[in-house]
Amino acid sequence: MSSSMQKDFYDTAFNGLNLSLLRIGNWKQEDSKSIADDAAIVKAGKERLGNRLKIEMSSWSAPGNLKPSGSVNGSDGHSKADKTLKTSNSDPYGKFVYSEFAGWWKKSLQAYAAAGITPDYISLQNEPDMEAEYEETLFDPTEGEIAGYKQALQAVRDSISTLANPPKIIGPEPLGIGYSNFEKYAKALDDKNLDGYAYHLYHAGDGNDN
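Below, the structure is looked at part by part.

Calculation criteria
Residues numbered from 1 in each chain as written. Predicted model: local features only at pLDDT ≥ 70, side-chain atom pairs only at ≥ 80, totals over all residues. Heavy atoms only, no water. Salt bridge = Lys/Arg side-chain N within 4 Å of Asp/Glu carboxyl O. Helix = DSSP H or I, 4+ residues; strand = E, 2+ residues; numbered from the N terminus. Buried < 20%, exposed > 50% of the residue type's maximum accessible area, 1.4 Å probe, protein only. Axes fitted to C-alpha atoms, helices over the stretch in contact; angles between N-to-C directions. Parallel < 35°, antiparallel > 145°, perpendicular 65-115°, else oblique. Left-handed = near helix turned anticlockwise from the far one by under 90°. Contact = heavy atoms within 4.5 Å. Core = buried A, V, L, I, M, F, W, Y, C linked by side-chain atoms within 4.5 Å. Nonpolar A, V, L, I, M, F, W, Y, C, P; charged D, E, K, R; others polar. Polar contact = N/O pair within 3.5 Å; in protein donor to acceptor, adjacent residues only side chain to side chain.

**Describing the pattern of salt bridges**
The tally for this structure, following the rule as stated, stands at eleven salt bridges. Residues aspartate 31 and lysine 107 are paired through a salt bridge, measuring 3.2 Å at the closest nitrogen-oxygen approach. Placement of the pair is aspartate 31 in the loop between strand 1 (21-25) and helix 2 (36-49) and lysine 107 in helix 3 (residues 98-114), with a sequence separation of 76 residues. A relative accessible area of 61% means that aspartate 31 is categorised as exposed. Between aspartate 195 and arginine 157 there is a salt bridge, with the nearest N and O atoms lying 2.9 Å from each other. Pair noted here: aspartate 195 is in the loop between helix 5 (181-188) and strand 5 (196-198) and arginine 157 is in helix 4 (residues 149-160), with a separation of 38 residues, a long-range link. In this structure aspartate 195 comes out as partly exposed when scored by relative accessible area, which is 41%. Through salt bridges with shared partners, one network takes in Lys7, Asp11, Lys43, Glu47 and Arg48.

Dropping the structure here:
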């Protein structure tokens, strides 16, 4: 896209549509991953809206080295246990590598801040209940066969609280509100670790698709 087209695009998105809440992914699963495009978009938004532009960041996957599958992506050839965090015999939060996951989140936020991106809100996992072939990490409401959202949330909250200006945390961001899915997560977690509830609407309250 040419520079003039980029300007027109940003003018339309941020001035024309008054897009004041921007959701981006935490794509820093590897140190070498470039976030230059994200930084350019945020810079353009801030130039047009200033502090009215709020940023929410969700993670689609933990780094592959924190998952039994070794991949950020899901696969129908892997079990649920391969698509969650690796197990641990020494993690203070439970039997999975929650501390390493939380440390990765903190390190990611520091890298994004250095690039000019400081999220106002984060969600530690996009759709923790969704098995997908793209980037994913599965979390049950609390740990059992796979890692627990409750334990991961506590670890992330503790880790980022040491930052100078930590973002607020929203969640648990499941796929929908049908099948009592949202309630299962919300009831399991410690709500003092959340600053707001978030969920998607891919299935509705009566269990039927929207």
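The discussion continues.
**Comments concerning the packing of helix 1 (residues 3-16) against helix 2**
Taken N-terminus to C-terminus, the directions of helix 1 and helix 2 make an angle of 60 degrees; their axes are 10 Å apart at the nearest point. Taken together, the axes of helix 1 and helix 2 lie oblique to each other. The way helix 1 lies across helix 2 gives a crossing that is right-handed. Packed against helix 1, whose contacting residues are Lys7, Tyr10, Asp11, Phe14 and Asn15, the element helix 2 presents Ala40, Ile41, Ala44, Gly45, Arg48 and Leu49 at the interface.

**Things to note about the nonpolar core**
Grouped together as the largest cluster of nonpolar side chains are 41 residues, with contacts concentrated most on Leu85, Phe101, Trp105, Ile122, Leu124 and Val156. Within the residue set of this core, elements represented by two or more residues are helix 1, strand 1, helix 2, strand 2 (54-58), helix 3 and helix 4. The contact partners of leucine 85, leaving out residues within four places of it in the chain, are Ala62, Leu66, Pro68, Phe96, Val97, Tyr98, Phe101, Thr137, Phe139 and Ala147.

**Digging into the packing of helix 3 against helix 4**
Contact geometry for helix 3 and helix 4: axes closest at 8 Å, N-to-C directions at 45 degrees. In terms of orientation, helix 3 lies oblique with respect to helix 4. In this structure, the crossing between helix 3 and helix 4 has a hand that is right-handed. Contacts from Tyr98, Phe101, Ala102, Gly103, Trp105, Lys106 and Leu109 in helix 3 reach Gln151, Ala152, Ala155, Val156, Ser159 and Ile160 in helix 4. Within the contact of helix 3 with helix 4, the residues separate by chemical class into nine nonpolar, three polar and one charged.

**Let's talk about the environment of proline 167**
On the secondary structure map, proline 167 appears in the loop between helix 4 and strand 4 (168-172). Residue classification places proline 167 among the buried positions, given a relative accessible area of 8%. The sequence separation of proline 167 and phenylalanine 14 amounts to 153 residues, and the corresponding C-alpha distance is 22 Å. Leaving out residues up to four positions away in the same chain, proline 167 has contacts with Leu109, Pro119, Asp120, Tyr121, Ile122 and Ile160.

**A closer look at the environment of threonine 84**
Turning to its location among the elements, threonine 84 is positioned in the loop between strand 2 and helix 3. Taking the relative accessible area as the measure of exposure, threonine 84 reaches 1% and is therefore buried. A sequence separation of 20 residues divides threonine 84 from glycine 64, and the C-alpha atoms of the two residues are 10.0 Å apart. Those residues in contact with threonine 84, other than ones at most four positions away along the chain, are Leu66, Lys67, Pro68, Phe96, Thr137, Leu138, Ile146 and Ala147. At 3.1 Å, the side chain of threonine 84 and the backbone nitrogen of alanine 147 are in polar contact.

**With respect to unusual backbone geometry**
Across residues other than glycine, the phi torsion is negative in most instances, and most of the peptide bonds are trans. In this chain, glycine 171 is followed by proline 172 through a cis amide linkage whose omega measures 5 degrees. Phi angles above zero are rare outside glycine, and tyrosine 179 is one such case at about 60 degrees. If you trace the backbone, tyrosine 179 turns up in the loop between strand 4 and helix 5. A positive phi angle, close to 55 degrees, is found at serine 180, a residue other than glycine. Locating serine 180 in the fold gives a position in the loop between strand 4 and helix 5.

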